[in-house]
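Topology and contacts: notes
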There are 2 protein chains.
Amino acid sequence: MTIGELAQRTGLTNSRIRFYESAGLLKTVDRRPNGYRTYPPEAVLVLELITTAQKAGFSLDEIRTLLPSDLGQWNHDALIEALRRKVADIAALQTRLKQSKAQLVALIRDIEAKPDDIDCAANARRVLSHVLGNEVERPTLAAGDVKLLGKASRRRATKTG
Amino acid sequence: MTIGELAQRTGLTNSRIRFYESAGLLKTVDRRPNGYRTYPPEAVLVLELITTAQKAGFSLDEIRTLLPSDLGQWNHDALIEALRRKVADIAALQTRLKQSKAQLVALIRDIEAKPDDIDCAANARRVLSHVLGNEVERPTLAAGDVKLLGKASRRRATKTG
DNA sequence: CATAACCTTTGAGTTAAGTTGATGGTCAAG
DNA sequence: CTTGACCATCAACTTAACTCAAAGGTTATG
């Protein structure tokens, strides 16, 4: 199978497949005399596994250490442990998200609960003191784990050309 | 207040404060005759607001559009709407995380439920067919939203120097 | 006046997971 | 023998939120 055929069967791009190879994720890549890459049928499975693992939250780095060279020869214990760790990671993130969401909901309520007898600026100060007041040890989203939120203002060129 | 003093009071670095200014997040920056930046006391509040919003999942881009030049003059409606959108974003992510976690847990169970009468390679094929079999329209973590997981093999130099 | 401790700007580096472009080889059809 | 569709490599670009280094000005102190 050429790289173009493999790309079509997996729905990936040629460049992505080459990138995975350069990242050490594809080991079963031979060359024809003319230099073209040629793949065995299992390459489709391997690529599907990779994308599935990515969707589950694994980085390419993690996938590389877990993927065996032979699809029938998994490192059973390492795999199970990695899966358990990933589940724990997700659970931790769920906890943080829950707290962040609760804080935001509370903030919305606080803003909307403006007493009738104060003006906007005074309400702003009141809310502000609540927001910045409880900056104690309340674990919110950890810096670096937050990249997933905020899809606002994604000005990605529509690329009609 | 000099930039160094502001940095100490907020716990940020000088470079980060300059970076926020260049990103359009700090508008109240004057200069002394020698060229040094000088800040009013409210700058502390503004920086605290920025870091708090970041922890809640807002990007600097979003924060910039929401932060008023005057801390008493918020765009009430835009703010409320942004907060609601962020809550919705978090909820959507929670849904995806829940499904991803459930899939991983199911996979762990599946691997461990190896029938006694088949060998490892056969079990691998069996599990593999389950993993890759249900690649239908089950919404897992969306590509791009997954960066938060996978803190494995973070080889960050300890930087003792 | 030398030194340290500040401050300034500018440009480049960091991470992850690729994409895009330049430049050129290979191959089948007409 | 030329056109078009493939394939190859390599370097550079992308995003976000910074950090770091280089090169130099300012200020207080001995």
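The text that follows walks through the structure, step by step, so that each part is easy to find.

Thresholds, definitions, all that
- Residue numbers here run from 1 along each chain, matching the order of that chain's written sequence.
- Following the order in which they are written, the chains are lettered starting with A and the ligands numbered starting with 1.
- Since the coordinates come from a predicted model, pLDDT governs what is reported: local features require at least 70, and pairs of side-chain atoms require 80 or more to be given and counted, while whole-chain, interface and lining totals use all residues.
- Think of the side-chain values as coming from all heavy atoms in the structure, minus any hydrogens and water.
- For this analysis, a ring pair means two rings from Phe, Tyr or Trp (six-membered ring only for Trp) whose centres lie within 6.5 Å, classed as stacked if their planes differ by under 30 degrees, edge-to-face if by over 60, and tilted for the remaining angles.
- Here the term buried applies to any residue with accessible area under 20% of the maximum for its type, exposed to any over 50%, and partly exposed to those in between, with areas from a 1.4 Å probe on protein chains only.
- Here, a charge over a ring means that NZ of Lys or CZ of Arg falls within 6 Å of the ring centre while also lying within 35 degrees of the ring normal.
- Numbering of helices and strands runs from the N terminus, with a helix taken as a DSSP run of H or I at least four residues long and a strand as a DSSP run of E at least two residues long.
- For the purposes of these results, a polar contact is taken to be a pair of N or O atoms within 3.5 Å, where, inside protein, one atom must be able to donate a hydrogen and its partner to accept one; residues adjacent in sequence count only when each atom of the pair is a side-chain atom.
- Here the expected length of a helix is defined as 1.5 Å per residue gap, with one fewer gap than residues.
- Here the arc refers to the directions that run from the helix axis out to each C-beta atom.
- The contact rule is simple, with two residues in contact once any of their heavy atoms fall within 4.5 Å.

Let us look at the packing of aromatic side chains. All names here are of chain A. Applying the stated criterion to the full structure yields two aromatic pairs over all chains. A centroid spacing of 6.1 Å and a plane angle of 50° characterise the contact between Phe 19 and Tyr 20, whose relative ring orientation is tilted. On the accessibility criterion, Tyr 20 (2% relative accessible area) is buried. In this structure, Lys 86 packs its charged tip against the face of Phe 58, placed 4.9 Å from the ring centre.

Moving on, we get to the environment of Lys 27 of chain B. Residue and element names in this part refer to chain B. Note on placement: Lys 27 falls in the loop between helix H2 (14-22) and strand E1 (30-31). A relative accessible area of 48% places Lys 27 in the partly exposed class. Considering only alpha carbons, one finds Lys 27 and Ser 69, 42 residues apart in sequence, at a separation of 6.6 Å. Polar contacts involving the side chain of Lys 27 include one to the main-chain carbonyl oxygen of Gly 24, which spans 3.3 Å.

Compared with an ideal rise of 1.5 Å per residue, which puts 14 residues at 20 Å, helix H6 (residues 120-133) of chain A spans 19 Å between its outermost C-alpha atoms and is within 8% of the ideal. Within the sequence span of H6 of chain A, burial applies to Asn 123, Ala 124, Val 127, Leu 128, Val 131 and Leu 132 of chain A. Projection of H6 of chain A onto a plane perpendicular to its axis shows the buried side chains occupying an angular sector of 150°, all on one side. H6 of chain A presents Arg 125 and Gly 133 of chain A as exposed residues on the side facing more than 90 degrees away from its buried surface. Buried residues belonging to H6 of chain A abut helix H5 (76-112) of chain A together with helix H3 (42-55) of chain B.

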